[in-house]
Amino acid sequence: MKSSYMQDHFDAIYLQRKKFDENIQEYRNKEWMRPQPDKWSIGETYYHLYLLLKRFRQLNNVYIPVSKPFSKVRRCAPYKTEIEDIYKAY
């Protein structure tokens, strides 16, 4: 890597990842076990987050192309920059 500054950040990330991996070793084969009958396991939680991210990306594939023409029309439109002085009423 050309930048020593970025290399320091990557080294810190790798160190954090290693420490995190060491801390969760005790939970390795327990990620799908529920802590209580009505609570999700760690695996279920991560899978749910994965599905949310997947659906969000699918939505963006439709939403972003549809919204671009509207944003181009509104790009130069002025918007309100002043707020009402709520203390004048007192």
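If you're wondering where the values come from, they're calculated on a predicted model, not measured in any experiment.

Visitor: Honestly, the overall build of the protein in this entry has me stumped. Any pointers?
Guide: Each helix and strand in the protein was counted, giving 2 helices and 0 strands. Taking 90 residues into account, the globule formula puts the C-alpha radius of gyration at 12 Å, and the protein, at 24 Å, lies well above it. Taken over the C-alpha atoms alone, the protein extends approximately 60 × 50 × 45 Å along its principal axes. Taken over 90 residues, the protein has a buried fraction of 2%.

Visitor: Looking at this structure, I do not really get the environment of Lys-68. What am I missing?
Guide: Position of Lys-68 relative to the elements: it lies in helix H2 (residues 42–74). Separated by 33 residues in sequence, Lys-68 and Pro-35 have C-alpha atoms that sit 45 Å apart.

Visitor: How should the side chain of Ser-41 be read in this particular structure?
Guide: You can see Ser-41 is positioned in the loop between helix H1 (4–23) and H2. In this structure Ser-41 comes out as buried when scored by relative accessible area, which is 1%.

Visitor: Explanation requested: a nonpolar patch on the surface in the structure shown.
Guide: Residues Leu-53, Phe-56, Leu-59, Tyr-63 and Ile-64 make up a contiguous nonpolar surface patch of about 510 Å² in total accessible area. In this fold, Ile-64 is placed in helix H2.

Visitor: Help me understand the pattern of salt bridges in this model?
Guide: Oppositely charged side chains are able to pair whenever their charged atoms sit close together. Applying the stated criterion to the full structure yields 1 salt bridge. Glu-44 serves as the salt-bridge partner of Arg-34, at 3.0 Å between the closest nitrogen and oxygen. Note that Arg-34 is positioned in the loop between H1 and H2 and Glu-44 in helix H2, a separation of 10 residues in sequence. For Arg-34, a relative accessible area of 42% corresponds to the partly exposed category. By relative accessible area, Glu-44 is classed as partly exposed at 23%.

Visitor: Can you help me understand H1 in this one?
Guide: In an α-helix, one turn spans 3.6 residues, which is why side chains three or four residues apart end up on the same side. If you check H1, its first and last C-alpha atoms are 28 Å apart, about what 20 residues at 1.5 Å a residue would give, namely 28 Å. Structurally, the start of H1 carries an N-cap: the backbone nitrogen of Tyr-5 is 3.3 Å from a side-chain oxygen of Ser-3.

Visitor: Any chance you could explain the environment of Pro-65 here in plain terms?
Guide: With respect to the element layout, Pro-65 can be found in helix H2. Between the C-alpha atom of Pro-65 and that of Leu-51, which follows or precedes it by 14 residues, the distance is 22 Å.

Visitor: For this particular structure, what's the right way to read the environment of Glu-44?
Guide: Separated by 32 residues in the primary sequence, Glu-44 and Ala-12 have C-alpha atoms spaced 29 Å apart. Ignoring any residue separated from it by four or fewer positions in sequence, one finds Glu-44 in contact with Trp-32, Arg-34 and Lys-39. Reaching out from Glu-44, the side chain makes a polar contact with the side chain of Arg-34 at a distance of 3.0 Å.

Basis of the calculations
In this convention, every chain numbers its residues from 1, walking through the sequence in written order. Predicted model: local features are reported for residues with pLDDT of at least 70 only, side-chain atom pairs are reported and counted for 80 or more only, and whole-chain, interface and lining totals are derived from all residues. The side-chain numbers reported here are obtained from all heavy atoms of the structure, hydrogens and water having been left aside. Comment: elements are numbered from the N terminus, with helices defined as DSSP H or I runs of at least four residues and strands as E runs of at least two. For this measure, only C-alpha atoms enter the radius of gyration; the expected value for a globule follows 2.2 Å times N^0.38, where N is the number of residues. Each residue gets one of three labels from its accessible area relative to the maximum for its type: buried under 20%, exposed over 50%, partly exposed in between, using a 1.4 Å probe on protein chains only. Here the term patch refers to residues with relative accessible area over 30% and no salt bridge, with like charges joined within 9 Å and nonpolar side chains (Val, Leu, Ile, Met, Phe, Trp, Tyr) within 5 Å. Per-residue and other accessible areas follow the Shrake-Rupley method at a 1.4 Å probe size, with only the shown protein chains counted as cover for residues. Here, a salt bridge means any side-chain nitrogen of Lys or Arg that lies within 4 Å of a carboxyl oxygen of Asp or Glu. A helix is expected to span 1.5 Å for every residue after the first. Pairs of N or O atoms within 3.5 Å make up the polar contacts considered here, provided that, within protein, one atom can donate a hydrogen while the other can accept it, and that residues adjacent in sequence are counted only when both atoms are side-chain atoms. Residue contacts are counted whenever heavy atoms from the two residues lie within 4.5 Å of one another.

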